[in-house]
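# Overview (structure and organization)
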Amino acid sequence: RTRTLRSLVHWNNPAEIISTSARQYGNDLWRTQRHRPEVWIEKDALVGVIEGVSNSNDVPYFSCRGYTSQSELWRAGQRMVGHLLRGQIPVVIHLGDHDPSGIDMSRDIFDRLHTFIMSDQEIWERSREQGYDNPYRWAETTFGLGWPHAFRSEEHTSELQSHVRISYAVFC
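All of the points below concern the structure found in this document. Only a predicted model underlies this, so the values are computations on that prediction, with no experimental measurement involved.

Turning our eyes to something else, we now look at the pairing of strand β3 (residues 89–97). With eight of nine residues buried, β3 lies mostly within the body of the structure. In this sheet, β3 lies alongside strand β1 (residues 35–41) in parallel orientation, the contact comprising seven bridges. Across the sheet, the residue bridging to histidine 35 is isoleucine 89, located in β3.

Okay, here's the thing in structure tokens:
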């Protein structure tokens, strides 16, 4: 999608591939936690600002590059369905510009994710298995707070980019 050179990976010998694999091994730090966070940022230019803290906390991050595509939101919805079925509350922290389109992007992400998650067949099956007539009641009872819901802050966050107001929304 971007200006990235793609090629096949090569190793000089079997020991090199084993060494590479060993360096990539890591435990999922969020596997047993109640919440499962992801950080989404509106602009690709700011990925470097969130990359270090996201990596050090084993939190996936993603550049939306404006409005997020339907296919990417569907994939995110599928990830979040998996989290919900494992008993975790998905949390998306969306960092966007404090302008009309940036604010609307947060709404758009929430609305489309909500649609993909709540229309998933496995979510409906799980809610019926547990005696609920729809996934909203199951999710609300299981996760509380009338899940899903959104929080929004419009604080000035100079840590992200000086002299620019950045809005962030958290979806649980």
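A word on helix α5 (residues 121–129). Given 3.6 residues to a turn, an α-helix orients residues that are three or four positions apart in the same direction. Where α5 begins, the side chain of aspartate 120 points an oxygen toward the backbone nitrogen of glutamate 122, at a separation of 2.9 Å. Where α5 ends, the next residue or the one after it, glycine 131, has phi of about 85°, a positive value.

The subject of this paragraph is the packing of aromatic side chains. Each aromatic ring pair is characterised by the separation of its centres together with the angle its planes make. Applying the stated rule across the entire model yields one aromatic pair. Ring plane angle 80° and centroid distance 5.1 Å describe the contact between tryptophan 40 and phenylalanine 62, whose orientation is recorded as edge-to-face. Of this pair, tryptophan 40 sits in strand β1 while phenylalanine 62 sits in strand β2 (residues 61–63); the two residues are 22 residues apart in sequence, bridging distant segments of the chain.

What follows covers the packing of helix α3 (residues 70–85) against helix α4 (residues 100–118). Where α3 contacts α4, the axes come no closer than 8 Å and their chain directions differ by 55°. As summarised for this structure, α3 and α4 are arranged oblique, according to the angle between their axes. Like other packed secondary-structure pairs, α3 and α4 cross with a definite hand, here right-handed. Here Gln70, Leu73, Trp74, Ala76, Gly77, Met80, Val81 and Leu84 of α3 lie close against α4, whose contacting residues are Ile109, Arg112, Leu113, Phe116 and Ile117. Each residue belonging to the contact of α3 with α4 can be placed in one class, and the counts come to ten nonpolar, two polar and one charged.

Here the focus is helix α6 (residues 135–143). Taken residue by residue, α6 has Pro135, Trp138, Ala139 and Phe143 as its buried positions. For α6, the angular spread of buried residues about the axis comes to 95°, placing them on one side. Along its buried surface, α6 packs onto α3, β3, α4 and α5. Between the side-chain oxygen of the N-cap and the backbone nitrogen of tyrosine 136 there are 2.9 Å, and the N-cap of α6 in question is asparagine 134. Within two residues after α6, glycine 144 carries a phi angle of roughly 75°, on the positive side.

Moving on, we come to unusual backbone geometry. One non-glycine residue, aspartate 58, adopts positive backbone phi at about 55°. By secondary structure assignment, the location of aspartate 58 is in the loop between α2 (47–56) and β2. Residue aspartate 58 is classed as partly exposed on the basis of its relative accessible area of 31%. In this model, arginine 65 sits at a positive phi of 55°, which is unusual for a non-glycine residue.

About the thresholds
- Residues numbered from 1 in each chain as written.
- Predicted model: local features only at pLDDT ≥ 70, side-chain atom pairs only at ≥ 80, totals over all residues.
- Heavy atoms only, no water.
- Buried < 20%, exposed > 50% of the residue type's maximum accessible area, 1.4 Å probe, protein only.
- Helix = DSSP H or I, 4+ residues; strand = E, 2+ residues; numbered from the N terminus.
- Pairing = 2+ DSSP bridges.
- Polar contact = N/O pair within 3.5 Å; in protein donor to acceptor, adjacent residues only side chain to side chain.
- Phe/Tyr/Trp six-rings, centres within 6.5 Å; stacked < 30°, edge-to-face > 60°.
- Axes fitted to C-alpha atoms, helices over the stretch in contact; angles between N-to-C directions.
- Parallel < 35°, antiparallel > 145°, perpendicular 65-115°, else oblique.
- Left-handed = near helix turned anticlockwise from the far one by under 90°.
- Contact = heavy atoms within 4.5 Å.
- Nonpolar A, V, L, I, M, F, W, Y, C, P; charged D, E, K, R; others polar.
- Arc of directions from axis to C-beta.

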